[in-house]
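# Observations on chain architecture
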Amino acid sequence: DSLIIANATGCSSIYGGNLPTTPYAKNEKGYGPAWSNSLFEDNAEYGFGQAVAVETLSNTAKTLLKELSSTIGDTLVEEIINADQSTEAGIDAQRNRVKALKEKLSSAKDEKSKMLLSVSDYLIKKSLWIFGGDGWAYDIGYGGLDHVLNMGKNVNIFVLDTEVYSNTGGQQSKSTPFGASAKFATGGKKLMKKDLGLIAMANANAYVAKIAMGANEAQAVKAIREAESFDGPSLIIAYAPCIAHGFDLVNGPTQTKAAVESGHWPLYRFDPRLITQGKAPLQMDSRIPTLDIREYLLKETRYKVIKNTNPERFEEIVRERTFENNYKSRFLEYLSKFKLED
């Protein structure tokens, strides 16, 4: 209920901001998410701008609060400034303090009190999230996303990875896997999928997770909670089954599990906070592949069409994908054992 969302144009903006219905709602106290839609190409910068604005307004409110401490009351001012807002209960308690502050300021005539009243809501912690698809995150908006991940601000990025430009008709993106058929790659993509997660982990300053709700809902929720609690940038890459994959989406959870079990979509959480604790920052939440990649591929039209039109090419794809999945899974397993020694 303190969520602020910057949403890139795409499938998520269509179901996020469509009318007359919306998936977002207010609670019984009248609080709920604030949602806004940016252009496709600059959503990371747009969300980053919101984070800078919230931080600036929060700092302004704290400065004014201290300057007016004798008028407002030292105890209330100290409670507001030193409030622990790391939990929902803490945020709710802060709302009550700010409500008391507003009551004190409501009849004030001086300019500083009026200004503090106008920005007092920014004394309550905001949850800042940037939503978008893989076409934005891996391709057209990647420069901005990389910039935001390396600016140190407390902003969260959530990528809905459909592995294709879904909203514009199913063109290949840098997230499209090797061998998948898509527009501009009808014979199967010739290059491997870009590994956005490993790239984001490289500087060890961002929380990074790969999740697949249909395969492991508990891991997905845990990753989102950890990202929210991390005081810095975070990136969550979510497996998002799409009609472009070519299977009945009622079977989404089953196919998502197959993606994880075949090694196509490893689950992990990378938390830089663990480094200073002498622990490995990368935690694997899925195992080395246990399912033949062929079984996963043959359930999706984007691969079956290759088998039907060019069986030799399909067998090549199976061999390459088996090698890739085993290699990447073992590489991640190796990284998960690495920790900083004293």
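Residues numbered from 1 in each chain as written. Predicted model: local features only at pLDDT ≥ 70, side-chain atom pairs only at ≥ 80, totals over all residues. Heavy atoms only, no water.

### Here we look at the pattern of salt bridges
Applying the stated criterion across every chain, the model contains 20 salt bridges. Close ionic contact of Asp161 with Lys193 constitutes a salt bridge, the shortest N to O distance being 2.9 Å. Placement of the pair is Asp161 in strand β4 (residues 156-161) and Lys193 in the loop between β4 and α9 (196-201), with a sequence separation of 32 residues. Both residues of the pair, Asp161 and Lys193, belong to the buried class. (Salt bridge = Lys/Arg side-chain N within 4 Å of Asp/Glu carboxyl O. Helix = DSSP H or I, 4+ residues; strand = E, 2+ residues; numbered from the N terminus. Buried < 20%, exposed > 50% of the residue type's maximum accessible area, 1.4 Å probe, protein only.)

### Points about the environment of Gly144
Along the polypeptide, Gly144 turns up in helix α8 (residues 142-149). Sequence separation of Gly144 and Ile91 is 53 residues, and the distance between their C-alpha atoms is 30 Å. For Gly144, the contacting residues outside a window of four places in its chain are Ala44 and Glu45. (Contact = heavy atoms within 4.5 Å.)

### Let's talk about the sheet that holds strand β7 (residues 268-270)
Strand order in this open sheet of 8 strands is β2-β1-β3-β4-β6-β5-β7-β8, and the pairing throughout is mixed. Because the sheet does not close on itself, it has two edges, and the strands there are β2 (34-37) and β8 (282-284). The sheet shows a mean angle of 15° between the axes of neighbouring strands, taken without regard to direction. Sheet topology places strand β3 (residues 127-133) next to β4; 5 bridges connect them, and they run parallel. Bridging across to β4, Gly133 finds its partner in Leu160. Along the sheet, α8 makes contact with β4 and β6 (234-239), crossing β4 at roughly 145°. (Pairing = 2+ DSSP bridges. Axes fitted to C-alpha atoms, helices over the stretch in contact; angles between N-to-C directions.)

### Observations regarding a nonpolar patch on the surface
A cluster of nonpolar side chains, namely Phe323, Tyr327, Phe331 and Tyr334, defines an oily patch on the protein surface of about 490 Å² accessible area. Note that Tyr334 resides in helix α14 (residues 311-335). Tyr334 gets classed as exposed once you look at its relative accessible area, which sits at 55%. (Patch = residues over 30% accessible without salt bridge, like charges linked within 9 Å, V, L, I, M, F, W, Y side chains within 5 Å. Areas by Shrake-Rupley, 256 points an atom, 1.4 Å probe, with all protein chains shown as cover.)

### Notes on the nonpolar core
Ranked by size, the top nonpolar core spans 47 residues in total, and within it Trp136, Leu145, Ile157 and Leu235 carry the most contacts. Setting aside residues no more than four positions away along its own chain, Trp136 makes contact with Ala8, Phe40, Asn43, Ala44, Ile130, Phe131, Gly141, Tyr142, Leu145, Ile157 and Val159. The next biggest cluster of nonpolar side chains, apart from the first, holds 16 residues, and it includes Ala61, Leu65, Ile72 and Val98. (Core = buried A, V, L, I, M, F, W, Y, C linked by side-chain atoms within 4.5 Å.)

### Some details on the pairing of β4
Within β4, 5 of the 6 residues are buried, which leaves it mostly tucked inside the rest of the structure. Summarising the sheet, β4 and β6 pair through 6 bridges and their orientation is parallel. Counterpart to Asp161 in the pairing with β6 is Tyr239.

### Overview of α8
All of the buried residues along α8 are Gly144, Leu145, Val148 and Leu149. With its buried residues spanning 135° around the axis, α8 presents them on a single face. Buried residues along α8 sit against α2 (43-67), α7 (134-140), β4, α9 and β6. (Arc of directions from axis to C-beta.)

### Quick word on unusual backbone geometry
The phi dihedral of Glu163 is positive, around 65°, even though this residue is not glycine. One can find Glu163 in the loop between β4 and α9. Its identity is not glycine, yet Phe184 carries a phi of approximately 75°, on the positive side. Within the secondary structure, Phe184 is located in the loop between β4 and α9. By relative accessible area, which is 71% here, Phe184 ends up exposed.

### Some remarks on the environment of Ile72
Tracing the backbone shows Ile72 in helix α3 (residues 69-72). Residue classification places Ile72 among the buried positions, given a relative accessible area of 5%.

### What to know about the side chain of Ser12
Topologically, Ser12 is positioned in helix α1 (residues 11-17). Given the relative accessible area of 6%, Ser12 is considered buried. At a separation of 2.9 Å, a polar atom in the side chain of Ser12 contacts the side chain of Asn7. Residues contacting Ser12, with those up to four places away along its chain left out, are Asn7, Gly132 and Leu160. (Polar contact = N/O pair within 3.5 Å; in protein donor to acceptor, adjacent residues only side chain to side chain.)

### Digging into the packing of α2 against helix α6 (residues 111-119)
Each pair of packed helices can be described by the angle between their axes along with the distance between the axes. Close contact between α2 and α6 brings their axes to 9 Å; oriented N to C, the two are set at 140°. Between α2 and α6, the interaxial angle falls into the category oblique. Relative to α6, the crossing made by α2 is left-handed. Of the residues in α6, those touching α2 at Leu57, Ala61, Leu64, Leu65 and Glu67 are Lys112, Met115, Leu116 and Val119. Looking at the contact of α2 with α6 residue by residue, the class counts come to 7 nonpolar, no polar and 2 charged. (Parallel < 35°, antiparallel > 145°, perpendicular 65-115°, else oblique. Left-handed = near helix turned anticlockwise from the far one by under 90°. Nonpolar A, V, L, I, M, F, W, Y, C, P; charged D, E, K, R; others polar.)

Nothing here speaks to function; it is geometry throughout.
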